[in-house]
Amino acid sequence: MEIIKKDIEKLIELRKEDTFLNHLMNVFSRDFRPKGEIGRNEIKVWRQSIWNVAFYPIFTFELNANNQLTRITDKLNPIGKTIVGLILIGIIYFVVTNLSTDFGFLENWLQILILSVFLLVFITVFRKLYLFEKQNQLDEIFEILDIEIEKKNPEKEWSLKNTLIRLFTYPFCIFLIGLNFFLIIPNEQYILALGTFGFVGFYLIADLKMIFKK
């Protein structure tokens, strides 16, 4: 069955242009209706979810001269890209401004360790959230458009690679929780403790959602 332009247009409930301002308004409005931009040779579709408010994908449906679907691609929306960029810039700025000729890595091992774990957990969390939401939305789109695809063997959540990753990240999470209770909170570094709990919590929630997904 060939998918034509009119079929794809039915995915859109509210027409919007794919601009930074529209996506910014979309994040704050928390409007979960499917939105999209209809062009001559392509149609862009995006939809927020309660789990992925600022990191939802934009799907681009490419059409040929006969308005038939040829390919579907995806990308992170511009607000998500901006947030990721600002966080990475903030981390780089923190590192650069705290490095000096007399900076001792051994004396500052705790800060370096926590910063490294934050970066690792940050990348892992948002990658998992994005891929999880992308696949969920693709499954819904394929069902609506009645697209049959050859199912590939998905990567098992307890594959060797994922197991090795968890053998590294889970002990780190436990270590950070212990640092909070025995060192960071007693020293009244509450902002650092809150950030640590936030990153650990986001990682564990995202990972458990991937494990127990249908």
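Up top you'll find the structure we're talking about.
Small disclaimer: the values here were computed from a predicted structure and weren't measured.

Side chains of Phe32, Ile50, Trp51 and Ile205 sit close together on the surface and give an oily, nonpolar patch of about 440 Å² of accessible area. For Ile205, the position within the fold is in helix 6 (residues 190-211). Since its relative accessible area comes to 47%, Ile205 is described here as partly exposed.

Residue Asn67 is not a glycine yet carries a positive backbone phi of 60°. Looking at the element boundaries, Asn67 is found in the loop between strand 4 (57-63) and strand 5 (69-76). Phi at Asp146 takes a positive value of approximately 60°, unusual for a residue other than glycine. By the secondary structure assignment, Asp146 is in the loop between helix 4 (109-145) and helix 5 (160-184). On the basis of relative accessible area, Asp146 is assigned to the partly exposed category, the value being 49%.

Now for helix 2 (residues 20-29). Turning to helix 2, its buried residues are His23, Asn26 and Val27. Relative to the axis of helix 2, the buried residues are bounded by an arc of 100° and lie together on one face. Pointing more than 90 degrees away from the buried face of helix 2 are the exposed residues Leu21 and Phe28. Directly beyond the C-terminal end of helix 2, a positive phi value near 55° is found at Arg30.

It is worth spelling out the pattern of salt bridges at this point. In total, this model carries 7 salt bridges according to the counting rule given. Among the salt bridges present, the one from Asp18 reaches Lys44, with a minimum N-O distance of 3.1 Å. Note that Asp18 is positioned in the loop between strand 1 (14-15) and helix 2 and Lys44 in strand 3 (residues 42-46), a separation of 26 residues in sequence. The burial state of Asp18 is the same as that of Lys44; both residues are buried. For Glu62, the salt bridge goes to Arg71, with nearest N and O atoms at 2.9 Å. You can call Arg71 partly exposed: its relative accessible area is 47%. A single salt-bridge network, built from bridges that share partners, covers Asp18, Lys44 and Lys75.

A separate point is the nonpolar core. Ranked by size, the top nonpolar core spans 13 residues in total, and within it Ile8, Leu11, Ile43, Val45, Phe61, Ile141 and Leu145 carry the most contacts. Put simply, the parts of the chain that give this core at least two residues each are strand 3, strand 4 and helix 4. Setting aside chain neighbours within four positions, we find Val45 in contact with Leu11, Ile12, Lys35, Gly36, Pro57, Ile58, Phe59 and Phe61. Formed by 10 residues, the second largest nonpolar core is a distinct cluster that contains Val27, Trp46, Ile58 and Ile79.

Rules of the game
- Residues numbered from 1 in each chain as written.
- Predicted model: local features only at pLDDT ≥ 70, side-chain atom pairs only at ≥ 80, totals over all residues.
- Heavy atoms only, no water.
- Patch = residues over 30% accessible without salt bridge, like charges linked within 9 Å, V, L, I, M, F, W, Y side chains within 5 Å.
- Areas by Shrake-Rupley, 256 points an atom, 1.4 Å probe, with all protein chains shown as cover.
- Salt bridge = Lys/Arg side-chain N within 4 Å of Asp/Glu carboxyl O.
- Helix = DSSP H or I, 4+ residues; strand = E, 2+ residues; numbered from the N terminus.
- Buried < 20%, exposed > 50% of the residue type's maximum accessible area, 1.4 Å probe, protein only.
- Arc of directions from axis to C-beta.
- Core = buried A, V, L, I, M, F, W, Y, C linked by side-chain atoms within 4.5 Å.
- Contact = heavy atoms within 4.5 Å.

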